[in-house]
Amino acid sequence: MATKIKTVFFCQSCGYESAKWMGQCPGCKEWNTFVEETIKPSITGKGSKRAAAGAAGGSDAQNKPMKLSEVVLNEEDRFDTHIGEFNRVLGGGLVKGSLTLVGGDPGIGKSTLLLQTARLLSADKRKVLYISGEESLQQIKLRANRIGEFTQDMNLFCETDLGTIEETIRRSAPEVVIIDSIQTMFNENVSSAPGSVSQVRESTAVLMRIAKQLGISVFIVGHVTKEGTVAGPRVLEHMVDTVLYFEGDRHASYRILRAVKNRFGSTNEIGVFEMRNEGLVEVSNPSEFMLEGRPENASGSIVTCSIEGTRPILIEIQALVSHTNFNFPRRQANGTDYNRVNLLMAVLEKRVGLELSSYDCYINLAGGMKLIEPALDLSMCMAIVSSFRNRAIPDEVIAFGEVGLSGEVRSVNMPDVRISEAERLGFKTCIVPKTVAEKYAKKFPKIKLIGVSSVQDAVGMIR
Ligand SMILES: Nc1ncnc2c1ncn2[C@@H]1O[C@H](COP(=O)(O)OP(=O)(O)OP(=O)(O)O)[C@@H](O)[C@H]1O
Ligand SMILES: [Mg+2]
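Overview of the structure. On a predicted model such as this, the values are computed, not experimentally measured, just so you know.

The next subject is the pattern of salt bridges. Tallying each qualifying case throughout the model produces 21 salt bridges. As a salt-bridge pair, Arg276 and Glu278 come within 3.6 Å of each other at their nearest N and O atoms. When salt bridges with common partners are traced through the structure, they connect Glu85, Arg88, Glu269 and Arg311 into a single cluster.

What follows concerns helix H10 (residues 377-389). End to end, H10 covers 18 Å across 13 residues, agreeing with the expected 18 Å (1.5 Å per residue, within 8%). A large share of H10 lies buried, amounting to 11 of its 13 residues. Those residues of H10 that sit buried are Asp377, Leu378, Ser379, Met380, Cys381, Met382, Ala383, Ile384, Val385, Ser386 and Ser387. In the segment just after H10, Asn390 is the residue with positive phi, at about 55 degrees.

With that settled, consider the site of ligand 1. Of all residues adjacent to ligand 1, which total 15 residues, the nearest are Gly107, Lys110, Ser111, Thr112 and Arg143. At a separation of 3.3 Å, an oxygen atom of ligand 1 approaches a polar backbone atom of Ile108. About the coverage of ligand 1: the protein hides 67% of its 650 Å² of free accessible area. Broken down by secondary-structure element, the contributors of at least two residues to the shell around ligand 1 are helix H3 (110-123), helix H4 (137-147) and strand S13 (270-276).

What follows is about helix H5 (residues 162-172). For an α-helix, the turn length of 3.6 residues means that residues three or four places apart are oriented alike. Along H5, the positions that sit buried rather than exposed are Leu162, Ile165, Glu166, Thr168 and Ile169. An end-on view of H5 places all buried positions within 165 degrees of arc, on one side of the element. Of the exposed residues in H5, those oriented more than 90 degrees away from the buried face are Glu167 and Arg171. At its buried positions, H5 is contacted by strand S7 (128-132), strand S8 (155-158), strand S9 (176-180) and helix H6 (197-214). Positive phi shows up at Ala173, right after H5, with a value of about 40 degrees.

The rules behind the values
- Residues numbered from 1 in each chain as written.
- Chains lettered and ligands numbered in written order.
- Predicted model: local features only at pLDDT ≥ 70, side-chain atom pairs only at ≥ 80, totals over all residues.
- Heavy atoms only, no water.
- Salt bridge = Lys/Arg side-chain N within 4 Å of Asp/Glu carboxyl O.
- Helix = DSSP H or I, 4+ residues; strand = E, 2+ residues; numbered from the N terminus.
- Expected span 1.5 Å × (residues − 1).
- Buried < 20%, exposed > 50% of the residue type's maximum accessible area, 1.4 Å probe, protein only.
- Near = heavy atom within 4 Å.
- Polar contact = N/O pair within 3.5 Å; in protein donor to acceptor, adjacent residues only side chain to side chain.
- Areas by Shrake-Rupley, 256 points an atom, 1.4 Å probe, with all protein chains shown as cover.
- Arc of directions from axis to C-beta.
- Contact = heavy atoms within 4.5 Å.

Below, the structure written as C-alpha coordinates:
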(Lines give C-alpha, C1' and ligand atoms only; values in the text may rest on other atoms or scores of the structure.)
(Ligands and ions follow the chains in the order given, each with its own letter.)
Protein backbone atom coordinates (compact mmCIF):
# COMPACT_ATOMS: atom_id res chain seq x y z
CA MET A 1 0.00 0.00 0.00
CA ALA A 2 1.28 3.42 -0.85
CA THR A 3 2.17 5.54 2.20
CA LYS A 4 -0.07 8.50 2.70
CA ILE A 5 1.76 11.72 2.02
CA LYS A 6 0.70 14.63 4.17
CA THR A 7 1.14 18.19 3.04
CA VAL A 8 1.27 21.12 5.37
CA PHE A 9 2.00 24.80 4.97
CA PHE A 10 4.91 26.35 6.81
CA CYS A 11 5.68 30.01 7.29
CA GLN A 12 9.18 30.36 5.88
CA SER A 13 9.90 33.18 8.24
CA CYS A 14 8.96 31.82 11.67
CA GLY A 15 8.05 28.18 11.05
CA TYR A 16 4.34 28.49 11.90
CA GLU A 17 2.55 25.36 10.74
CA SER A 18 -0.90 25.40 9.20
CA ALA A 19 -3.13 22.90 7.41
CA LYS A 20 -4.17 25.48 4.83
CA TRP A 21 -2.53 28.35 3.00
CA MET A 22 -2.83 31.78 4.56
CA GLY A 23 -1.93 35.20 3.24
CA GLN A 24 -0.61 36.51 6.54
CA CYS A 25 1.17 34.43 9.11
CA PRO A 26 -0.61 34.57 12.50
CA GLY A 27 2.75 33.87 14.17
CA CYS A 28 5.01 36.59 12.83
CA LYS A 29 2.49 38.70 10.87
CA GLU A 30 4.58 38.46 7.70
CA TRP A 31 2.72 38.35 4.38
CA ASN A 32 3.05 35.74 1.69
CA THR A 33 5.42 33.47 3.53
CA PHE A 34 3.44 30.20 3.47
CA VAL A 35 4.88 27.41 1.36
CA GLU A 36 3.43 23.96 0.95
CA GLU A 37 5.69 21.12 2.03
CA THR A 38 5.14 17.41 1.94
CA ILE A 39 6.13 15.46 5.00
CA LYS A 40 6.05 11.83 5.93
CA PRO A 41 4.53 11.96 9.41
CA SER A 42 6.45 8.99 10.79
CA ILE A 43 9.82 10.57 10.02
CA THR A 44 9.20 13.88 11.74
CA GLY A 45 7.84 12.22 14.85
CA LYS A 46 10.69 9.76 15.11
CA GLY A 47 13.40 12.33 14.44
CA SER A 48 12.31 14.77 17.08
CA LYS A 49 11.69 12.06 19.67
CA ARG A 50 15.11 10.62 19.12
CA ALA A 51 16.68 14.04 19.35
CA ALA A 52 14.91 14.72 22.61
CA ALA A 53 16.10 11.40 24.02
CA GLY A 54 19.63 12.21 22.95
CA ALA A 55 19.43 15.67 24.47
CA ALA A 56 18.28 14.19 27.73
CA GLY A 57 21.44 12.19 28.18
CA GLY A 58 23.46 10.06 25.87
CA SER A 59 22.72 7.07 23.72
CA ASP A 60 19.52 5.04 23.89
CA ALA A 61 21.30 2.21 25.72
CA GLN A 62 22.22 4.38 28.73
CA ASN A 63 19.05 6.34 28.70
CA LYS A 64 17.62 5.80 32.17
CA PRO A 65 16.86 8.15 35.07
CA MET A 66 19.84 9.05 37.23
CA LYS A 67 20.30 10.81 40.56
CA LEU A 68 21.54 14.37 40.23
CA SER A 69 24.29 13.63 42.75
CA GLU A 70 25.55 10.81 40.54
CA VAL A 71 26.05 13.02 37.53
CA VAL A 72 29.74 13.80 37.21
CA LEU A 73 31.13 16.90 35.62
CA ASN A 74 34.48 16.80 33.93
CA GLU A 75 36.98 19.64 33.88
CA GLU A 76 37.23 19.09 30.17
CA ASP A 77 33.59 19.95 29.57
CA ARG A 78 34.51 23.39 28.32
CA PHE A 79 37.40 24.14 26.06
CA ASP A 80 39.19 27.21 24.91
CA THR A 81 38.55 28.40 21.34
CA HIS A 82 41.70 30.57 21.56
CA ILE A 83 39.66 33.57 20.46
CA GLY A 84 39.06 35.61 23.62
CA GLU A 85 36.03 37.45 22.30
CA PHE A 86 34.45 34.20 21.11
CA ASN A 87 35.04 32.51 24.49
CA ARG A 88 33.47 35.46 26.22
CA VAL A 89 30.29 35.23 24.15
CA LEU A 90 30.09 31.48 24.61
CA GLY A 91 30.18 32.01 28.38
CA GLY A 92 33.80 31.06 29.01
CA GLY A 93 34.65 28.61 26.28
CA LEU A 94 33.02 26.03 24.07
CA VAL A 95 30.92 23.43 25.89
CA LYS A 96 31.46 19.83 24.90
CA GLY A 97 28.46 18.28 23.20
CA SER A 98 26.73 21.60 22.58
CA LEU A 99 24.93 22.74 19.47
CA THR A 100 25.57 26.37 18.58
CA LEU A 101 23.79 28.28 15.86
CA VAL A 102 25.64 31.17 14.29
CA GLY A 103 23.26 33.41 12.38
CA GLY A 104 23.82 36.59 10.46
CA ASP A 105 23.31 38.54 7.28
CA PRO A 106 24.90 37.31 4.06
CA GLY A 107 28.59 38.09 3.76
CA ILE A 108 28.98 39.28 7.33
CA GLY A 109 31.78 36.81 8.08
CA LYS A 110 30.20 33.68 9.55
CA SER A 111 32.30 31.25 7.54
CA THR A 112 35.42 33.29 8.25
CA LEU A 113 34.83 33.23 12.01
CA LEU A 114 34.23 29.50 12.08
CA LEU A 115 37.15 28.69 9.81
CA GLN A 116 39.40 30.75 12.07
CA THR A 117 38.05 28.92 15.10
CA ALA A 118 38.66 25.63 13.31
CA ARG A 119 42.22 26.70 12.57
CA LEU A 120 42.98 27.57 16.19
CA LEU A 121 41.28 24.47 17.55
CA SER A 122 43.17 22.19 15.21
CA ALA A 123 46.40 23.95 16.15
CA ASP A 124 45.46 22.94 19.72
CA LYS A 125 45.42 19.31 18.48
CA ARG A 126 41.64 19.05 18.52
CA LYS A 127 40.05 17.05 15.78
CA VAL A 128 37.90 19.37 13.70
CA LEU A 129 35.65 18.53 10.78
CA TYR A 130 34.53 21.44 8.61
CA ILE A 131 31.55 20.53 6.46
CA SER A 132 30.55 22.92 3.74
CA GLY A 133 27.50 22.68 1.58
CA GLU A 134 28.07 26.05 0.01
CA GLU A 135 31.64 26.24 -1.10
CA SER A 136 34.00 23.92 -2.90
CA LEU A 137 37.20 22.67 -1.28
CA GLN A 138 39.17 25.14 -3.40
CA GLN A 139 37.06 28.06 -2.28
CA ILE A 140 37.55 27.12 1.36
CA LYS A 141 41.26 26.80 0.71
CA LEU A 142 41.27 30.34 -0.72
CA ARG A 143 39.71 31.67 2.47
CA ALA A 144 42.03 29.56 4.58
CA ASN A 145 45.03 31.06 2.79
CA ARG A 146 43.70 34.49 3.55
CA ILE A 147 43.39 33.87 7.28
CA GLY A 148 46.77 32.28 7.84
CA GLU A 149 48.67 29.06 8.02
CA PHE A 150 47.08 25.86 9.26
CA THR A 151 49.68 24.13 11.41
CA GLN A 152 47.73 20.91 11.76
CA ASP A 153 45.68 19.17 9.17
CA MET A 154 42.02 19.85 9.46
CA ASN A 155 39.41 17.75 7.74
CA LEU A 156 37.28 19.39 5.12
CA PHE A 157 34.19 17.80 3.67
CA CYS A 158 31.94 19.18 0.96
CA GLU A 159 28.62 17.42 1.38
CA THR A 160 24.96 18.24 1.74
CA ASP A 161 23.45 14.81 2.34
CA LEU A 162 22.87 14.47 6.04
CA GLY A 163 22.95 10.67 5.97
CA THR A 164 26.51 10.71 4.59
CA ILE A 165 27.47 13.44 7.02
CA GLU A 166 26.18 11.47 10.01
CA GLU A 167 28.04 8.38 8.86
CA THR A 168 31.28 10.35 8.38
CA ILE A 169 31.00 11.96 11.79
CA ARG A 170 30.40 8.62 13.49
CA ARG A 171 33.35 7.07 11.65
CA SER A 172 35.88 9.85 12.11
CA ALA A 173 34.75 10.91 15.62
CA PRO A 174 35.83 14.56 15.56
CA GLU A 175 35.60 16.79 18.65
CA VAL A 176 34.21 19.77 16.81
CA VAL A 177 31.99 19.80 13.73
CA ILE A 178 31.16 22.90 11.73
CA ILE A 179 28.19 22.83 9.36
CA ASP A 180 28.13 25.63 6.81
CA SER A 181 25.20 26.09 6.36
CA ILE A 182 22.11 24.38 7.71
CA GLN A 183 20.03 25.71 4.81
CA THR A 184 22.03 23.63 2.33
CA MET A 185 21.68 20.37 4.24
CA PHE A 186 19.43 17.71 2.82
CA ASN A 187 17.79 14.85 4.67
CA GLU A 188 16.44 12.28 2.26
CA ASN A 189 13.66 11.32 4.66
CA VAL A 190 12.10 14.70 4.13
CA SER A 191 10.82 15.35 0.66
CA SER A 192 10.84 19.13 0.61
CA ALA A 193 13.71 21.18 -0.79
CA PRO A 194 16.85 22.06 1.21
CA GLY A 195 16.31 25.28 3.12
CA SER A 196 12.62 24.62 3.74
CA VAL A 197 11.37 24.68 7.29
CA SER A 198 10.89 20.93 7.59
CA GLN A 199 14.35 20.19 6.14
CA VAL A 200 16.05 22.68 8.41
CA ARG A 201 14.19 21.43 11.45
CA GLU A 202 14.80 17.78 10.71
CA SER A 203 18.49 18.33 9.92
CA THR A 204 18.96 20.24 13.15
CA ALA A 205 17.27 17.45 15.10
CA VAL A 206 19.71 14.94 13.59
CA LEU A 207 22.71 17.15 14.42
CA MET A 208 21.41 17.69 17.94
CA ARG A 209 21.23 13.94 18.45
CA ILE A 210 24.77 13.50 17.15
CA ALA A 211 26.07 16.30 19.38
CA LYS A 212 24.50 14.94 22.57
CA GLN A 213 25.15 11.27 21.95
CA LEU A 214 28.77 11.55 20.89
CA GLY A 215 29.70 14.62 22.96
CA ILE A 216 30.72 16.55 19.85
CA SER A 217 30.45 20.33 19.81
CA VAL A 218 28.59 21.30 16.68
CA PHE A 219 28.40 24.75 15.12
CA ILE A 220 25.76 25.38 12.51
CA VAL A 221 25.63 28.42 10.29
CA GLY A 222 22.18 29.79 9.56
CA HIS A 223 21.31 32.43 7.01
CA VAL A 224 18.88 35.21 7.68
CA THR A 225 17.10 36.72 4.73
CA LYS A 226 14.65 39.57 4.84
CA GLU A 227 12.51 38.11 2.07
CA GLY A 228 11.88 34.95 4.05
CA THR A 229 12.56 32.79 0.99
CA VAL A 230 14.97 30.63 2.94
CA ALA A 231 13.85 29.30 6.29
CA GLY A 232 15.12 31.74 8.88
CA PRO A 233 17.07 30.26 11.76
CA ARG A 234 14.36 31.52 14.12
CA VAL A 235 12.76 28.11 13.71
CA LEU A 236 15.88 26.58 15.18
CA GLU A 237 16.34 28.91 18.10
CA HIS A 238 14.28 26.75 20.43
CA MET A 239 16.06 23.57 19.47
CA VAL A 240 19.71 24.54 19.84
CA ASP A 241 21.71 25.25 23.00
CA THR A 242 23.22 28.55 21.99
CA VAL A 243 22.24 31.13 19.41
CA LEU A 244 24.83 33.66 18.35
CA TYR A 245 24.18 36.48 15.94
CA PHE A 246 26.94 38.03 13.97
CA GLU A 247 26.03 41.57 13.09
CA GLY A 248 27.49 44.82 11.95
CA ASP A 249 27.35 47.34 9.24
CA ARG A 250 28.62 45.73 6.07
CA HIS A 251 30.19 49.01 5.10
CA ALA A 252 32.02 49.40 8.39
CA SER A 253 34.80 47.01 9.27
CA TYR A 254 33.78 46.04 12.77
CA ARG A 255 31.54 43.08 13.55
CA ILE A 256 29.72 42.23 16.73
CA LEU A 257 28.99 38.73 17.93
CA ARG A 258 26.04 38.65 20.27
CA ALA A 259 24.53 35.78 22.21
CA VAL A 260 20.74 35.79 22.01
CA LYS A 261 20.34 32.51 23.82
CA ASN A 262 22.89 30.57 25.80
CA ARG A 263 22.12 27.54 27.92
CA PHE A 264 25.63 27.69 29.37
CA GLY A 265 26.28 31.35 30.00
CA SER A 266 25.09 34.91 30.09
CA THR A 267 23.51 36.46 27.03
CA ASN A 268 24.76 39.89 27.94
CA GLU A 269 28.24 39.60 26.58
CA ILE A 270 29.27 40.74 23.15
CA GLY A 271 32.39 40.04 21.16
CA VAL A 272 33.85 42.74 18.96
CA PHE A 273 35.86 41.94 15.85
CA GLU A 274 37.29 43.82 12.95
CA MET A 275 37.15 42.40 9.44
CA ARG A 276 40.55 42.76 7.84
CA ASN A 277 42.36 41.34 4.91
CA GLU A 278 43.69 38.50 7.03
CA GLY A 279 40.28 37.68 8.51
CA LEU A 280 38.59 38.69 11.74
CA VAL A 281 40.77 40.34 14.35
CA GLU A 282 39.65 40.66 17.95
CA VAL A 283 39.04 44.16 19.24
CA SER A 284 39.66 44.02 22.96
CA ASN A 285 39.40 47.80 23.40
CA PRO A 286 36.19 48.63 21.57
CA SER A 287 36.04 52.19 22.93
CA GLU A 288 39.29 53.24 21.28
CA PHE A 289 38.16 51.59 18.09
CA MET A 290 34.79 53.35 18.12
CA LEU A 291 36.26 56.79 18.73
CA GLU A 292 38.78 56.60 15.92
CA GLY A 293 38.45 59.41 13.38
CA ARG A 294 36.24 61.57 15.58
CA PRO A 295 35.95 65.15 14.27
CA GLU A 296 37.48 67.85 16.46
CA ASN A 297 35.45 70.77 17.73
CA ALA A 298 32.38 69.90 15.72
CA SER A 299 28.95 70.97 16.87
CA GLY A 300 26.39 68.23 17.43
CA SER A 301 28.92 65.66 18.60
CA ILE A 302 29.44 64.22 22.06
CA VAL A 303 30.78 60.99 23.49
CA THR A 304 28.75 58.78 25.78
CA CYS A 305 29.34 55.49 27.50
CA SER A 306 27.10 52.50 27.03
CA ILE A 307 27.31 49.18 28.84
CA GLU A 308 27.25 46.04 26.75
CA GLY A 309 27.09 43.09 29.08
CA THR A 310 29.70 43.89 31.66
CA ARG A 311 31.82 45.99 29.35
CA PRO A 312 31.71 49.75 28.87
CA ILE A 313 31.88 51.06 25.30
CA LEU A 314 32.46 54.71 24.55
CA ILE A 315 30.66 55.88 21.48
CA GLU A 316 30.25 59.16 19.67
CA ILE A 317 26.71 60.44 19.23
CA GLN A 318 26.13 62.87 16.40
CA ALA A 319 23.14 65.08 15.81
CA LEU A 320 22.33 67.33 12.91
CA VAL A 321 19.52 69.82 13.33
CA SER A 322 18.70 71.89 10.26
CA HIS A 323 15.81 73.93 8.91
CA THR A 324 13.19 71.78 7.30
CA ASN A 325 12.06 72.08 3.70
CA PHE A 326 8.90 70.11 4.33
CA ASN A 327 5.63 70.69 6.14
CA PHE A 328 6.52 67.91 8.52
CA PRO A 329 10.03 67.96 9.87
CA ARG A 330 12.07 64.81 9.26
CA ARG A 331 13.43 62.85 12.15
CA GLN A 332 15.83 60.01 11.67
CA ALA A 333 17.72 57.80 14.09
CA ASN A 334 20.56 55.61 12.88
CA GLY A 335 21.62 53.00 15.37
CA THR A 336 19.20 53.94 18.10
CA ASP A 337 15.50 54.02 18.88
CA TYR A 338 13.59 56.43 16.65
CA ASN A 339 10.74 56.81 19.15
CA ARG A 340 13.16 57.68 21.91
CA VAL A 341 14.64 60.47 19.77
CA ASN A 342 11.14 61.87 19.19
CA LEU A 343 10.41 61.69 22.89
CA LEU A 344 13.63 63.49 23.81
CA MET A 345 12.89 66.21 21.26
CA ALA A 346 9.46 66.70 22.82
CA VAL A 347 11.12 66.99 26.24
CA LEU A 348 13.54 69.59 24.84
CA GLU A 349 10.68 71.59 23.32
CA LYS A 350 8.56 71.56 26.44
CA ARG A 351 11.16 71.75 29.20
CA VAL A 352 13.97 73.72 27.60
CA GLY A 353 11.80 75.78 25.30
CA LEU A 354 13.59 74.96 22.03
CA GLU A 355 11.49 75.56 18.92
CA LEU A 356 12.33 72.31 17.15
CA SER A 357 9.12 71.92 15.17
CA SER A 358 10.51 73.62 12.06
CA TYR A 359 13.77 71.68 12.14
CA ASP A 360 14.79 68.32 10.76
CA CYS A 361 16.82 66.21 13.13
CA TYR A 362 19.15 63.35 12.33
CA ILE A 363 20.81 61.26 15.02
CA ASN A 364 23.65 58.94 14.23
CA LEU A 365 25.74 56.59 16.32
CA ALA A 366 29.19 56.77 14.78
CA GLY A 367 30.61 53.62 13.26
CA GLY A 368 27.20 52.09 12.50
CA MET A 369 26.86 50.79 16.07
CA LYS A 370 23.39 49.87 17.33
CA LEU A 371 22.61 50.74 20.94
CA ILE A 372 19.34 51.18 22.75
CA GLU A 373 19.89 52.22 26.32
CA PRO A 374 18.26 54.97 28.43
CA ALA A 375 21.75 56.05 29.55
CA LEU A 376 22.26 57.59 26.10
CA ASP A 377 19.39 60.08 26.63
CA LEU A 378 21.40 62.88 28.17
CA SER A 379 24.07 62.79 25.51
CA MET A 380 21.48 62.71 22.72
CA CYS A 381 19.80 65.81 24.19
CA MET A 382 23.16 67.55 24.44
CA ALA A 383 24.10 66.64 20.87
CA ILE A 384 20.77 67.97 19.58
CA VAL A 385 21.14 71.24 21.47
CA SER A 386 24.77 71.57 20.42
CA SER A 387 23.80 71.26 16.76
CA PHE A 388 20.77 73.52 17.19
CA ARG A 389 22.86 76.28 18.73
CA ASN A 390 25.82 75.46 16.52
CA ARG A 391 28.12 75.39 19.53
CA ALA A 392 30.65 72.61 19.88
CA ILE A 393 30.93 70.70 23.13
CA PRO A 394 34.60 70.42 24.18
CA ASP A 395 36.17 67.18 22.95
CA GLU A 396 37.15 65.92 26.36
CA VAL A 397 33.58 65.92 27.69
CA ILE A 398 31.46 62.82 28.04
CA ALA A 399 27.86 62.60 29.28
CA PHE A 400 25.46 59.88 30.32
CA GLY A 401 22.15 59.70 32.19
CA GLU A 402 18.52 58.87 31.63
CA VAL A 403 16.15 61.75 30.88
CA GLY A 404 12.59 61.55 32.19
CA LEU A 405 9.49 63.21 30.77
CA SER A 406 9.70 66.14 33.16
CA GLY A 407 13.25 66.76 32.09
CA GLU A 408 14.81 65.21 35.19
CA VAL A 409 18.12 63.38 34.81
CA ARG A 410 18.11 59.99 36.48
CA SER A 411 20.83 57.66 37.51
CA VAL A 412 21.79 54.63 35.42
CA ASN A 413 23.36 51.29 36.20
CA MET A 414 27.11 50.82 36.63
CA PRO A 415 28.03 54.52 36.65
CA ASP A 416 31.49 53.86 38.14
CA VAL A 417 32.41 51.49 35.31
CA ARG A 418 31.43 54.13 32.79
CA ILE A 419 33.37 56.89 34.53
CA SER A 420 36.50 54.82 34.86
CA GLU A 421 36.40 53.90 31.15
CA ALA A 422 36.14 57.61 30.31
CA GLU A 423 39.04 58.35 32.64
CA ARG A 424 41.10 55.59 31.09
CA LEU A 425 40.66 57.11 27.65
CA GLY A 426 41.70 60.55 28.81
CA PHE A 427 38.38 62.34 29.12
CA LYS A 428 38.56 65.24 31.56
CA THR A 429 34.92 66.08 32.30
CA CYS A 430 31.97 63.83 32.84
CA ILE A 431 28.41 65.16 32.93
CA VAL A 432 26.41 62.74 35.04
CA PRO A 433 23.23 62.57 37.12
CA LYS A 434 23.61 64.54 40.35
CA THR A 435 23.42 61.52 42.64
CA VAL A 436 26.24 59.86 40.73
CA ALA A 437 28.46 62.95 41.00
CA GLU A 438 27.89 63.15 44.75
CA LYS A 439 28.64 59.48 45.26
CA TYR A 440 31.73 59.13 43.09
CA ALA A 441 33.46 62.53 43.23
CA LYS A 442 36.05 61.24 45.71
CA LYS A 443 36.63 57.96 43.94
CA PHE A 444 37.66 59.60 40.67
CA PRO A 445 39.88 62.57 41.49
CA LYS A 446 41.40 62.73 37.99
CA ILE A 447 38.15 63.39 36.17
CA LYS A 448 35.80 66.29 36.88
CA LEU A 449 32.27 65.08 37.57
CA ILE A 450 29.54 67.63 36.91
CA GLY A 451 26.26 66.52 38.45
CA VAL A 452 23.04 67.68 36.78
CA SER A 453 19.55 67.13 38.07
CA SER A 454 17.68 68.26 34.98
CA VAL A 455 18.21 68.43 31.26
CA GLN A 456 17.93 72.24 31.50
CA ASP A 457 21.07 72.28 33.68
CA ALA A 458 22.95 70.13 31.19
CA VAL A 459 22.06 72.01 28.04
CA GLY A 460 22.56 75.33 29.85
CA MET A 461 26.28 74.58 29.66
CA ILE A 462 26.21 74.69 25.85
CA ARG A 463 26.56 78.33 24.99
N1 LIG B 1 40.48 40.22 1.19
C2 LIG B 1 39.55 40.65 2.02
N3 LIG B 1 39.78 41.72 2.81
C4 LIG B 1 38.86 42.17 3.67
N5 LIG B 1 37.67 41.61 3.83
C6 LIG B 1 37.38 40.55 3.08
C7 LIG B 1 38.29 40.01 2.14
N8 LIG B 1 37.70 38.94 1.57
C9 LIG B 1 36.48 38.83 2.13
N10 LIG B 1 36.29 39.80 3.03
C11 LIG B 1 35.10 40.01 3.84
O12 LIG B 1 34.59 38.77 4.24
C13 LIG B 1 33.20 38.71 3.95
C14 LIG B 1 32.83 37.31 3.55
O15 LIG B 1 32.99 36.52 4.69
P16 LIG B 1 32.29 35.12 4.83
O17 LIG B 1 32.31 34.40 3.55
O18 LIG B 1 32.88 34.49 6.04
O19 LIG B 1 30.81 35.57 5.17
P20 LIG B 1 29.57 34.64 5.42
O21 LIG B 1 28.79 35.29 6.51
O22 LIG B 1 29.98 33.25 5.60
O23 LIG B 1 28.82 34.81 4.05
P24 LIG B 1 27.73 33.87 3.39
O25 LIG B 1 26.45 34.28 4.01
O26 LIG B 1 27.77 34.23 1.96
O27 LIG B 1 28.13 32.47 3.67
C28 LIG B 1 33.00 39.67 2.82
O29 LIG B 1 31.70 40.22 2.84
C30 LIG B 1 34.02 40.74 3.10
O31 LIG B 1 33.46 41.68 3.99
MG1 LIG C 1 29.55 31.52 4.46
